[in-house]
Structure formats: structure tokens, C-alpha cells
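Commentary on secondary and tertiary structure
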Amino acid sequence: MYNTQTGSDNSLPTFHNVIRGDIMNKDIIKRFWSKVNKDTGTDCWEWTGGHYGLHGYGGFWHEGRNHGSHRIAWMLEHGHMPPDDMLVCHTCDIRNCVNPDHLFTGTHADNSRDCADKGRSKCTFKKNEAHPNCKLKDQDVKKIKFMRDSGATQAAIAQQFKIVQSTVSRICNGNRRGV
Ligand SMILES: [Zn+2]
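Residues numbered from 1 in each chain as written. Predicted model: local features only at pLDDT ≥ 70, side-chain atom pairs only at ≥ 80, totals over all residues.

Description of the overall build of the chain
On a plain count of helices and strands, the chain comes out with six helices and seven strands. Each helix and strand of the chain, placed in order from N terminus to C terminus, yields the pattern α-β-β-β-β-β-α-β-β-α-α-α-α. Per-residue burial for the chain yields a buried fraction of 17% across its 179 residues. In the chain, 35% of the contacts between residues at least 6 apart in sequence involve partners at least 24 apart. (Helix = DSSP H or I, 4+ residues; strand = E, 2+ residues; numbered from the N terminus. Buried ≥ 20, exposed ≤ 12 C-beta atoms within 10 Å, placed from the backbone. Contact = placed C-beta atoms within 7 Å.)

What follows is the structure, given as C-alpha cells:
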């Protein structure tokens, strides 16, 4: 806004604010990534800092309050905080994961739909899916069995799910993860 008394336009960021913001961002970036373990053997990056609430999300102190570390990871990637009414969801389902490639924003409705799709009633992991290295979701196992019953070859199924044929064979013969 242009101030007619001083002749200055205080809607523009002042030099002081720009510098302060810059230092603050550098501090956040350093503080944040020092608590991340990228060497997990998966694409997921593990948050090793404190936790936020009791639901398995990482927590990060920023501007006087605790935030979900996945929301901060999203902010560092996009340059601003996600809108308050938007959730930051995980494509990988690992709540402790802060790899920005695994994060997307969605509404609460999207999230409940996503949970319902994955067969999770209260957004908790199903036992067989809990391990980060677990490639196939229970839903995939069901789909594999369905495809097999519908006459698809094991080779075709293996190709679709990017797994080896012997895994398909074990699933179809019921030696692995009965669902
Ligand atoms: Zn992940």
C-alpha cells in the first residue's frame, strides 16, 4: 500500500524481511534434512526426528508450532505451506516418509476415498502391508488371483505388476499371503 505521508510502498518486501526470510529458509532446510534418512533401501525417505500426534506422522517445529514433517517436506518442495484445508497424502502409504515425490495434496474427502480404495477403514496399515519393502498391496494380491481365475497367464500378470513369475505362482498356489 502506498503511504502518502512517507512516500514509501510498504506492500513490497523490505530488504530486512528478504534477508531474514532467506536466513530462516536456510535454517529450516538444514534442520529438516538433517533429520531425514534417505538410505532406506526403498524410494521412501525416513523421518528420524520426533513424531506428530499418535498416528505415525513425523513432527517438525516451525514458526511456533509442530507440523507434520510430510507437510514441511511438501512446503520445501513447493515454496509455500499447503493450504490448511488440504491434506498432504502419501502415494506410498508410509506416513513417516518425507520424499516429496511421494507426496500430493488432497481434500479430506479424497483421503477417505483413498483409504476406502485401499481397504483401510481408519487409515491404519493392514498387517501384510505394513513393511516399507512390501511391494504388493493386499489389493494387488486379490487382483492377481482374480486375473489368474479369469484365465490370464502368470507371465502376463508378472509383467503387469513388475514382479517375477515365481512370485505370481506362489500367490496363485496360496503359498504366500493368503488374502
Ligand atoms: Zn514414500
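The rest of the description comes next.
So, the packing of helix α4 (residues 138-149) against helix α6 (residues 165-172)
Remark: α4 packs on α6, axes separated minimally by 10 Å, with the N-to-C direction vectors making an angle of 85°. With respect to each other, α4 and α6 are oriented roughly perpendicular. Contacts from V141, I144, K145 and R148 in α4 reach V168, I171 and C172 in α6. By residue class, the composition of the contact of α4 with α6 is five nonpolar, no polar and two charged. (Axes fitted to C-alpha atoms, helices over the stretch in contact; angles between N-to-C directions. Parallel < 35°, antiparallel > 145°, perpendicular 65-115°, else oblique. Nonpolar A, V, L, I, M, F, W, Y, C, P; charged D, E, K, R; others polar.)

Some points on the confidence of the model for the chain
For the chain, the average pLDDT comes to 74, and 70% of its residues sit at 70 or higher. Ranking the elements of the chain by mean pLDDT puts helix α1 (residues 15-33) last, at 64, and strand β1 (residues 36-37) first, at 97. Of the regions scoring below 50 in pLDDT, residues 1-20 engages in six contacts with residues more than four places distant in sequence or in other chains. Every residue in residues 119-134 scores below 50 in pLDDT, and together they form 20 contacts with partners more than four places removed in sequence or on other chains. (pLDDT = per-residue confidence, 0-100.)

Points about the pairing of strand β5 (residues 65-68)
Where strand β4 (residues 57-62) and β5 come together, four bridges link them in antiparallel fashion. Opposite H62, over in β5, you have R65 as the bridge partner. From the end of β4 to the start of β5, which pair antiparallel, there are two residues, and E63 there has a positive phi angle of about 50°. (Pairing = 2+ DSSP bridges.)

Observations regarding the sheet that holds strand β3 (residues 51-52)
On the basis of which strands lie adjacent, the open sheet formed by three strands has the order β3-β4-β5 and antiparallel pairing. Strand pairing shows two members of the sheet lacking a second neighbour, β3 and β5, which therefore form its edges. Pairing of β3 with β4, which is carried by two bridges, proceeds in the antiparallel orientation. Note on β4: the bridge partner recorded for Y52 is Y57. Packed on one face of the sheet, helix α2 (residues 69-78) meets β3, β4 and β5 and runs near 65° to β4.

Brief notes about unusual backbone geometry
At E63, a position not held by glycine, the phi torsion is positive, near 50°. Along the polypeptide, E63 turns up in the loop between β4 and β5. The backbone of D93 shows a phi angle near 70°, a positive value even though the residue is not glycine. Structurally, the position occupied by D93 is in the loop between β6 (87-90) and β7 (103-106). Assessed through the 21 C-beta atoms surrounding it within 10 Å, D93 is described here as buried.

Things to note about the environment of R31
Inspection of the secondary structure assignment puts R31 in helix α1. R31 sits 30 residues away from W61 along the chain, and the two C-alpha atoms are 9.8 Å apart.

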